[in-house]
Amino acid sequence: MEEDFLLDSYNYDLSDEMIAQVPAQPAESAKLLVWSWSDNSIQDYHFYDLPQILSDNDVLVCNNTKVFKARIPLHQTKIIRKSWQERYIDGEIFVYQLLQDGRLECLVSDDKNFKPWAEVFLDNEKWISLTSDEYAEDWIIFSVRWIWIFDFLEMYGQMPLPPYIHYEKEKEKRYQTAFAKDLGSAAAPTASLHFSPKLLSNLRSKWVGITFTTLHVGLGTFKPVYQSDIRNHKIHREPIVIENSLFQQIFERKNEKKNLIAVWTTMVRLLETLPYLRAFLSSNEKQSILSNVDAF
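Residues numbered from 1 in each chain as written. Predicted model: local features only at pLDDT ≥ 70, side-chain atom pairs only at ≥ 80, totals over all residues. Heavy atoms only, no water.

### Concerning the sheet that holds strand β9 (residues 128–135)
Part 1: In spatial order, the strands read β5-β6-β7-β10-β9-β8; together these six strands close into a barrel with antiparallel pairing. Along the sheet, successive strands turn relative to each other by an average axial angle of 45 degrees, direction set aside.
Part 2: With four bridges joining them, strand β8 (residues 119–123) and β9 adopt antiparallel strand pairing. Bridging across to β9, Val 120 finds its partner in Leu 130. (Pairing = 2+ DSSP bridges. Helix = DSSP H or I, 4+ residues; strand = E, 2+ residues; numbered from the N terminus. Axes fitted to C-alpha atoms, helices over the stretch in contact; angles between N-to-C directions.)

### Describing the pattern of salt bridges
Part 1: Applying the stated criterion to the full structure yields eleven salt bridges.
Part 2: Among the ionic pairs, Glu 119 bridges to Arg 145, the shortest N-O distance being 2.7 Å. Of this pair, Glu 119 sits in strand β8 while Arg 145 sits in strand β10 (residues 140–145); the two residues are 26 residues apart in sequence, bridging distant segments of the chain.
Part 3: Note on Glu 119: relative accessible area 15%, which makes it buried.
Part 4: Residue classification places Arg 145 among the partly exposed residues on the basis of a relative accessible area of 33%.
Part 5: Residue Glu 238 pairs with Arg 269 through a salt bridge whose shortest N-O separation is 2.7 Å. Of the two residues, Glu 238 is situated in the loop between α4 (219–222) and β13 (240–241) and Arg 269 in helix α6 (residues 265–278); the sequence distance between them amounts to 31 residues.
Part 6: On the basis of relative accessible area, Glu 238 is assigned to the buried category, the value being 16%. (Salt bridge = Lys/Arg side-chain N within 4 Å of Asp/Glu carboxyl O. Buried < 20%, exposed > 50% of the residue type's maximum accessible area, 1.4 Å probe, protein only.)

### Considerations on α6
Part 1: With 14 residues, α6 ought to run about 20 Å at 1.5 Å a step, and its terminal C-alpha atoms sit 21 Å apart, in line with that.
Part 2: A bend of about 25 degrees at Glu 272 is the largest found in α6, and the proline Pro 275 appears one to four places after it. (Expected span 1.5 Å × (residues − 1). Bend = angle between axes of the 7 residues up to and from the residue.)

### Digging into unusual backbone geometry
Part 1: Backbone torsion omega between Gln 25 and Pro 26 reads -5 degrees, so that peptide bond is classified as cis.
Part 2: When you line up the elements, Pro 26 lands in the segment before β1 (31–36).
Part 3: A positive phi is found at Trp 207, a non-glycine position, where the angle reads about 65 degrees.
Part 4: With respect to the helices and strands, the residue Trp 207 is situated in the loop between α3 (197–205) and β12 (209–215).
Part 5: Even without a glycine there, the phi angle at Trp 264 is positive, about 75 degrees.
Part 6: With respect to the helices, strands and loops of the structure, Trp 264 is situated in the loop between β14 (259–262) and α6.

### Description of the environment of Ala 118
Part 1: The topology assignment puts Ala 118 in the loop between β7 (104–108) and β8.
Part 2: Between the alpha carbons of Ala 118 and Thr 131 there is a distance of 5.7 Å; along the sequence they are 13 residues apart.
Part 3: Setting aside residues up to four positions removed in sequence, Ala 118 forms contacts with Ile 79, Ile 80, Arg 81, Asn 113, Leu 130, Thr 131 and Ser 132. (Contact = heavy atoms within 4.5 Å.)

### Focus on the nonpolar core
Part 1: In this structure, Leu 104, Phe 114, Leu 130 and Phe 152 are the most contacted members of the largest nonpolar core, which totals 29 residues.
Part 2: Listed by contribution, the elements that provide at least two residues to this core are β5 (71–80), β6 (86–98), β7, β8, β9, β10 and α2 (149–156).
Part 3: Looking at which element gives the most residues to this core, the answer is β6, with six residues.
Part 4: Leaving out residues up to four positions away in the same chain, Leu 130 has contacts with Ile 93, Leu 104, Ala 118, Glu 119, Val 120, Leu 122, Phe 142, Ser 143, Val 144 and Phe 152.
Part 5: Within the second largest apolar cluster, 19 residues are counted, among which are Val 67, Leu 161, Ile 165 and Leu 215. (Core = buried A, V, L, I, M, F, W, Y, C linked by side-chain atoms within 4.5 Å.)

Structure representation (C-alpha cells):
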C-alpha cells in the first residue's frame, strides 16, 4: 500500500510545551506562515501583516458559524434506565450536532448507561432531563424535556475547548470568532479566531474582499481516524447554509480573475462542495444564478 494512504505515515510528536494554552493577545499578533507558490519560498509573518500580504485581487471566504456550549459535564448525575434502575454517574455528554427536529446528536463518555429510553436528570428540582431516543455504536440522539434546547445548552453546557487546552471558564470568552453569527458549531473554525475587528477593518481599507458563508463544525472535523488505511475512514456529514448569492459572488470573482482564499479547512471543504451541490439545483435556479456570468 502507498505510504500516503497509511495512517502511520502521519504520526508526529508534539510536546505539551509547544501547545499554547492561551491565545495571542491581541488576536492578530498570532504567527502566520506564508508559502509562495511562485518561488516555493516560506516566510514568517503575523496575522496583522495580512493587509500588506493581500491585495484588492484577493477575496477571503470566512465561516460565520457560531459555537454553542457543546460539553455537558456529568457529576454524580442521576440516570433512570428503561428498566427503572437508578444510577449516579460521572462523565460527559458531547453534543456535536443540533438536529432540525430539536434533538441533540451526541457522543457520551460511558455509553452503557444510555440505552434507549434512559433519562438523564440534569436538574432534579426543575425536572429538566435528557431522554435517549436512538442508540448506535458511535452516537446517541437525545431529546430535551421541559426547556428550550438553546436555553438548556446555555444553562448546563460548557464551551467545547479542544482536549489539549486545559479548561478554564475564563478561556470560554475567547472561543468565538469576531464574525460569529449563525449558532450551530460544536467547535470553532480556529484560524478565524485570529481575525479581530481591527484586522478586518484594515483588510477592507486595502480593498481586500471578505465574504461569509456557513459550515457548522461537527464530528466530521474532529473525529479521530483509527483505520490503518485512511481511505476506509468514514467522514461524518456537517450542515452548511448557502445563499444563492454566494454562487453569484464566486462566478463574478472568477471572471475578474480574483483569488479566492479559504479561511480554515471548513471553507476549503465548503468551496469544494459547491459544484456538487449546484448539480441539484433546478434549471430555473441555475439560470437565475448564472445570468451574465460563466459557470464552473
